[in-house]
Amino acid sequence: MLSFIVPAYNEELELPRALAAIRVAAEASTQPYEIIVVDDASTDATAQIAKSAGAIVVPVRYRQIAAVRNAGARAASGDIFFFVDADTFILPVHVRAARAALAAGCAGGGARVTTDGFVPLWGRVFVRVFSAFYFTAANLGAGAFLFTTRGNFDRAGGFDEQLFAGEEIYFSQALKKLGRFRVLAEPVVTSGRKLRMNSVGQILGLSVGIVLRGKQGVRSRDKLDLWYDGRRETKPREPVGENRRG
């Protein structure tokens, strides 16, 4: 059984399309599946949208992404976990490739990311440079899409709840200790809202600060407004391109 775990805080704009994409990808696999939306004390229609879409809703009040993902894993009944952010759109190819990687002995993996909607030029350059370092050189998974088995999730210790950001880096590293880690070639489509709603100075300053301080820089929400200021876009983005592979 496949468990798709979606952490969500005030995601009424993005969540309907994200859940629809998960359902299409899951049904294409012909495997039993469940979709779990972990609603982290949303104040909008996130929970109602998830219920209407047939998802299992797990209400929590953590305001910490690592704890929210772990709560979803505890509620899951499946043998394979897919962690998908609420502003991310996956395709059937991601589920097929992830299952194939696990069947071939990989401990887990993730996928490259691309953004849809308008993204400023500096943002597009940032994503390219980040991807070359993070996915190609470091072979790490991004929080937008991660997969592993239930057993490997438990052996890796789940996501580190001492961290308020960057937890996917340390989770990827923990999985690497258990076996091969596969970053899928086909990127998932995720929101570029952080690149639209923040300046180049804010993005680069925070990124450099986290690199220099390591875990010490992400042990509290202080100076992590990029993830915890709660700001959301109010207008729908451009639809995900229909010419992408299924």
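As shown above, the structure is provided for reference.
On a predicted model such as this, the values are computed, not experimentally measured, just so you know.

Undergrad: A description of the overall build of the protein chain should follow, citing residues and the corresponding values.
TA: Of regular secondary structure, the protein chain possesses 10 helices and 8 strands. The proportion of buried residues among the 246 residues of the protein chain is 52%. Taking as baseline every contact in the protein chain between residues at least 6 positions apart, the subset at least 24 positions apart corresponds to 79%.

Undergrad: Summarise the nonpolar core; cite the residues concerned and give the values.
TA: If you look at the biggest cluster of nonpolar residues, it comprises 57 residues, and the most contacted ones within it are F4, F82, I90 and F145. Excluding anything up to four places from it in sequence, F145 contacts F82, F83, V84, I90, H94, G109, G110, A111, L184 and V188.

Undergrad: Please provide a residue-by-residue account of the packing of aromatic side chains, values included.
TA: Applying the stated rule across the entire model yields 17 aromatic pairs. For the pair Y134 and F135, a centre-to-centre distance of 5.2 Å together with 85° between the ring planes defines the contact as edge-to-face. Judged by relative accessible area, which is 6%, Y134 ranks as buried. By way of ring pairs, the aromatic residues F4, Y33, F82, F145 and F147 are connected into one cluster. When the ring centre of F159 is taken as reference, the NZ or CZ atom of R69 above it lies at 5.3 Å.

Undergrad: Account for the sheet that holds strand β1 (residues 2–8), with residues named and values stated.
TA: Strand order in the open sheet formed by 8 strands is β3-β2-β1-β4-β7-β6-β8-β5, with mixed pairing between adjacent strands. Strand pairing shows two members of the sheet lacking a second neighbour, β3 (56–60) and β5 (88–89), which therefore form its edges. The sheet contact formed by strand β6 (residues 108–116) and strand β7 (residues 145–149) spans 3 bridges and is antiparallel. Bridging from a neighbouring strand, G108 pairs with T148 of β7. In the packing of helix α5 (residues 121–137) onto the sheet, the strands contacted are β6 and β8 (181–191), and the crossing angle to β6 comes to about 175°.

Undergrad: Would you mind going over helix α4 (residues 92–103) in detail, with residue names and values included?
TA: With 12 residues, α4 extends 17 Å between its outermost C-alpha atoms, agreeing within 8% with the 16 Å of an ideal straight helix rising 1.5 Å per residue. The complete set of buried residues in α4 reads P92, V93, H94, V95, A98, A101 and L102. Looking one or two places after α4, you find G105, whose phi comes out positive at around 105°.

Conventions used here
Residues numbered from 1 in each chain as written. Predicted model: local features only at pLDDT ≥ 70, side-chain atom pairs only at ≥ 80, totals over all residues. Heavy atoms only, no water. Helix = DSSP H or I, 4+ residues; strand = E, 2+ residues; numbered from the N terminus. Buried < 20%, exposed > 50% of the residue type's maximum accessible area, 1.4 Å probe, protein only. Contact = heavy atoms within 4.5 Å. Core = buried A, V, L, I, M, F, W, Y, C linked by side-chain atoms within 4.5 Å. Phe/Tyr/Trp six-rings, centres within 6.5 Å; stacked < 30°, edge-to-face > 60°. Lys NZ or Arg CZ within 6 Å of the ring centre and 35° of its normal. Pairing = 2+ DSSP bridges. Axes fitted to C-alpha atoms, helices over the stretch in contact; angles between N-to-C directions. Expected span 1.5 Å × (residues − 1).

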